[in-house]
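Listed here are the chains, written in short residue letters.
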Amino acid sequence: MTFPEFRRRRSRIRIVVLLGVAILLVTGVTRDISCFNISSTQIHTLNLDHAKLKLTWMMDWYKKEVLFHVQNTFLHGRYKFFALGFSPRGELRRTDLCIFTRGPVGHQVLDAYTSRDFNRIYVDSEQNCDVMRIDESSVAFRRKFDTCDPQDVAIHGGTMGIEGVLQAQILRADTITIPEAKSVSKKVDIKLDKVAIPAVETTYWCKVQRLESWLAAKKHHVVRFEPIITNEHVVHHMEVFQCVTDSKLEIPLYEGSCADLPPEAKACNKVMALWAMGAGPFTYPHETGLPIGGKDFNPYIRLEVHFNNPDLKPNIVDSSGMRIDVVSKLRKHDAAIMELGLEYSDKMAIPPGQVAFPLTGYCIAECTKVALPPTGITIFGSQLHTHLRGVRVLTRHFRGATELPEVNRDDFYSHHYQEIRQLRYRPKIMPGDALLTTCYYDTRGYDTATLGGFSISDEMCVNYIHYYPATQLELCKSVLSEKSLYNYFKYMREVEKQIGVDPDGARSENYHQIRWNRPRADQLFEYYLEQPLSMQCNRSDGQRFEGFEWEGAPVTEFSPPRPALRESCHVSEELHWFKPVSVGKCDAFGECIYAEEKIKE
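Residues numbered from 1 in each chain as written. Predicted model: local features only at pLDDT ≥ 70, side-chain atom pairs only at ≥ 80, totals over all residues. Heavy atoms only, no water.

Enquirer: Could you give an account of the overall build of the protein, naming the residues involved and the relevant values?
Expert: Scanning the protein for helices and strands turns up six helices and 39 strands. Relative to its length of 601 residues, the protein is compact, with a C-alpha radius of gyration of 25 Å against a globular reference of 25 Å. Across its three principal axes, the protein shows a C-alpha extent of roughly 75 × 70 × 55 Å. Of the contacts formed within the protein by residues at least 6 apart in sequence, a portion of 77% connects residues at least 24 apart. Per element, the accessible surface of the protein, about 25600 Å² overall, is 50% carbon and sulfur. Distance between charge centres in the protein, computed from 73 positive and 76 negative side chains, equals 5 Å. (Helix = DSSP H or I, 4+ residues; strand = E, 2+ residues; numbered from the N terminus. Rg over C-alpha atoms; globule rule 2.2 N^0.38 Å. Contact = heavy atoms within 4.5 Å. Areas by Shrake-Rupley, 256 points an atom, 1.4 Å probe, with all protein chains shown as cover. Lys, Arg positive; Asp, Glu negative; His and termini not counted. Charge placed at Lys NZ, Arg CZ, Asp CG, Glu CD.)

Here's what the structure looks like:
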């Protein structure tokens, strides 16, 4: 069947494309599965379109399959077809489809995929859309995490888009509830007050406010936080910071550019809550909460909002912020947030024209050895973060030469969807362990190097991990050492004859003076993997831990990341000719999961 045929029948057809990865689902409302004792925390729901198309799902981790239920699929006979599609990176071409039809003589199900030009639909050689029930307005079916069919897209725990607009993580941990009674729970809003956003691309806006007296007087635990968004199209991310200073210090109330913060407010830099595009509420596990308030807690906090206004629109008024749930009955553990990855610095750069150039930020063993308690810490949440060019992010865990299960990874990362993810597997990090966060960047279509920095046109590589028990370790991040960077620019000038490069000059200008080609991009990639680091092994007050020389620290050696998909699959001989629908361009480590064409923003 050709796609134009579908177009001509548009009044009777619905196609919903799940762009990305990972799906496990279901409702528990059909007769076929009502025998299961399903907890409401195992069920996840997403509204797919304006016509109240509702997707409900859950995972069967033992069988490694997803159970789906989609309501309002045929609208009681208005539509004859319904298709649910899976696409690795938000593209309609090479989309994996489950097509359902309902008629007077029963139903039909087709496992199919679209052509590279999205003009034709082909029926799979193997059928892996396992229907449980179809009626006049709904479909219930299941799908293996990985069918080992190259004509299917494997389901995994990364980002998934829907119809190119909505995005979600489908393979996810159970939902967490707040068990405390309402009598010990209150909500606190921390938000801007009708701010006129400047008509410039990047603005960091800050507000310093004082906690209410009841919260300042007694220690509480934050057990949930969620965003309050006024203008979705310009609010890029937000953070709430605790002021780590003397509890008696008065900090001036302030609302304005973060560049003009009062000097006293510089101490307000310990992350308490954070949000980025696409994220929703975040709830703490029952055994832990983030401490706030009390006699040793400075009663001032700072809200920071990053506005991204690339169209330079004037007259935008914003009152965005965060809402936190606090409980007066303390939980067992104090929680904390730590930043892993790369320092926000133009010491690191990404050459232009790269499919997926990797940069790695290190939390080295020497840092965790001096900063973590003997019993270690448990990570229960993770938020991966880059700017426009990030296409894949993962954090790996090493104990000596042994690699342990990963902390988090998203092989189909989108900066439009940066939720804090509850971790089903909660890593235990011991003193002397190392954590490596690698971000991959697509710079095809760019003419100059992309630098690290704060602007949306710069790049970041961060994993905000949520853990307990709380420690003083706030930042465990790295960047290339000053000496290493000087030697690199000296080599580029003297050996590579890049005359515009000056080892004593500005870093950003030096990177932009290099005439980039494939050999020079490969040289930079290898140089970053080998050269000593400048480590941020920092407390909440910004001071580095004692006990090691952090400038010139050694890199943690590692082998290439393990394959993301289908490492244990056997493909039948009949399908050896078929290039998998999910395979695209390859990165420097040989992983081939990237878009064959640049996705325009």
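Once the structure has been displayed, the description carries forward.
Enquirer: Summarise helix H4 (residues 482-494); cite the residues concerned and give the values.
Expert: Compared with the 18 Å implied by 1.5 Å per residue over 13 residues, the 18 Å span of H4 between its first and last C-alpha is a close match. Of the surrounding secondary structure, the elements contacted by the buried residues of H4 are strand E37 (473-480), helix H5 (507-513) and helix H6 (518-530). (Expected span 1.5 Å × (residues − 1).)

Enquirer: Tell me about the pattern of salt bridges, and please be specific about residues and values.
Expert: Under the defined criterion, the tally for this structure stands at 33 salt bridges. Two residues, Asp 296 and Lys 295, come together in a salt bridge whose shortest N-O distance is 3.4 Å. As far as burial versus exposure is concerned, Asp 296 and Lys 295 are alike and both exposed. (Salt bridge = Lys/Arg side-chain N within 4 Å of Asp/Glu carboxyl O. Buried < 20%, exposed > 50% of the residue type's maximum accessible area, 1.4 Å probe, protein only.)

Enquirer: Tell me about H6, residues and numbers included.
Expert: Residues that lie three or four places apart on an α-helix share one face, since the helix turns once every 3.6 residues. Between its terminal C-alpha atoms H6 stretches 19 Å, which fits the 18 Å expected from 13 residues at 1.5 Å a residue. Every buried residue of H6 is accounted for by Arg 520, Ala 521, Leu 524, Phe 525, Tyr 527 and Tyr 528. Down the axis of H6, the buried set is contained in an arc of 165°. They therefore lie on one face. The exposed residues of H6 that point more than 90 degrees off its buried face are Arg 518, Pro 519 and Glu 530. Its buried side turned inward, H6 meets strand E27 (349-350), strand E28 (357-363), E37, H4 and H5. (Arc of directions from axis to C-beta.)

Enquirer: Tell me what's going on with the nonpolar core, and back it up with residues and numbers.
Expert: Among the nonpolar cores identified, the biggest contains 55 residues, and Phe 225, Tyr 284 and Ile 292 are the most heavily contacted of them. Considering each element in turn, this core owes the most residues, six residues, to strand E19 (residues 268-276). Core analysis: the next-biggest nonpolar cluster, separate from the first, contains 30 residues, Met 338, Leu 340, Cys 476 and Val 555 among them. (Core = buried A, V, L, I, M, F, W, Y, C linked by side-chain atoms within 4.5 Å.)

Enquirer: Tell me about the packing of H4 against H6, and please be specific about residues and values.
Expert: Where H4 meets H6, the closest approach of the two axes is 12 Å, and the angle between their N-to-C directions is 160°. As summarised for this structure, H4 and H6 are arranged roughly antiparallel, according to the angle between their axes. In this structure, H4 crosses over H6, and the sense of that crossing is right-handed. Here H4 contributes Ser 484, Asn 487, Tyr 488, Tyr 491 and Met 492 to the contact with H6, which in turn contributes Arg 520, Gln 523, Leu 524 and Tyr 527. Classifying every residue of the contact of H4 with H6 gives five nonpolar, three polar and one charged. (Axes fitted to C-alpha atoms, helices over the stretch in contact; angles between N-to-C directions. Parallel < 35°, antiparallel > 145°, perpendicular 65-115°, else oblique. Left-handed = near helix turned anticlockwise from the far one by under 90°. Nonpolar A, V, L, I, M, F, W, Y, C, P; charged D, E, K, R; others polar.)

Enquirer: Tell me about the sheet that holds strand E22 (residues 300-308), and name the residues and values.
Expert: Pairing in this open sheet of five strands is antiparallel, and the strands run E18-E15-E22-E17-E19 from one edge to the other. If you trace the sheet from one side to the other, it starts and ends with strand E18 (254-257) and E19, each paired once. Averaged over all pairs of adjacent strands, the angle between their axes in this sheet comes to 20°, without regard to strand direction. Two elements, strand E17 (residues 235-243) and E19, share seven bridges in a ladder whose sense is antiparallel. Across the sheet, residue His 237 finds its bridge partner in E19, namely Ala 276. (Pairing = 2+ DSSP bridges.)

Enquirer: Describe the packing of aromatic side chains, with residues and values.
Expert: Inspection of the entire model under this criterion finds 25 aromatic pairs. Ring geometry for Phe 282 and Tyr 284: centres 5.5 Å apart, planes at 75°, overall edge-to-face. By the burial criterion, Phe 282 is buried, and Tyr 284 matches it. Taking the centre distance of 6.4 Å and the plane angle of 35° together, the rings of Tyr 488 and Tyr 511 count as tilted. A residue pair is termed long-range when its members are at least 10 positions apart, and Tyr 488 in helix H4 and Tyr 511 in helix H5 qualify at 23 residues. On the accessibility criterion, Tyr 488 (3% relative accessible area) is buried. For Tyr 511, a relative accessible area of 0% corresponds to the buried category. (Phe/Tyr/Trp six-rings, centres within 6.5 Å; stacked < 30°, edge-to-face > 60°.)

Enquirer: Outline the sheet that holds E28, supporting the account with residue identities and numerical values.
Expert: If you trace the four strands from one edge of the open sheet to the other, you get E28-E34-E30-E31, paired in antiparallel fashion. Edge positions in the sheet fall to E28 and strand E31 (402-410), since each of these pairs with one other strand and no more. Mean inter-strand twist for the sheet, computed between neighbouring axes without regard to direction, equals 20°. Across seven bridges, the pairing between E28 and strand E34 (residues 433-441) is antiparallel.

Enquirer: Give me the pairing of strand E29 (residues 377-385): which residues, what numbers.
Expert: Buried residues dominate E29, accounting for nine of its nine residues. Relative to strand E33 (residues 428-429), E29 runs antiparallel, the two sharing two bridges. Residue pairing for E33: Thr 378 is matched across the bridge by Lys 428. As defined by bridge partners, E29 adjoins strand E36 (residues 462-468) across seven bridges and the pair is classed as antiparallel. Looking at the pairing, Gly 381 lines up with His 466 of E36. Across two bridges, the pairing between E29 and strand E32 (residues 421-422) is antiparallel.

All quantities given are derived from atomic positions and should not be read as evidence of function.
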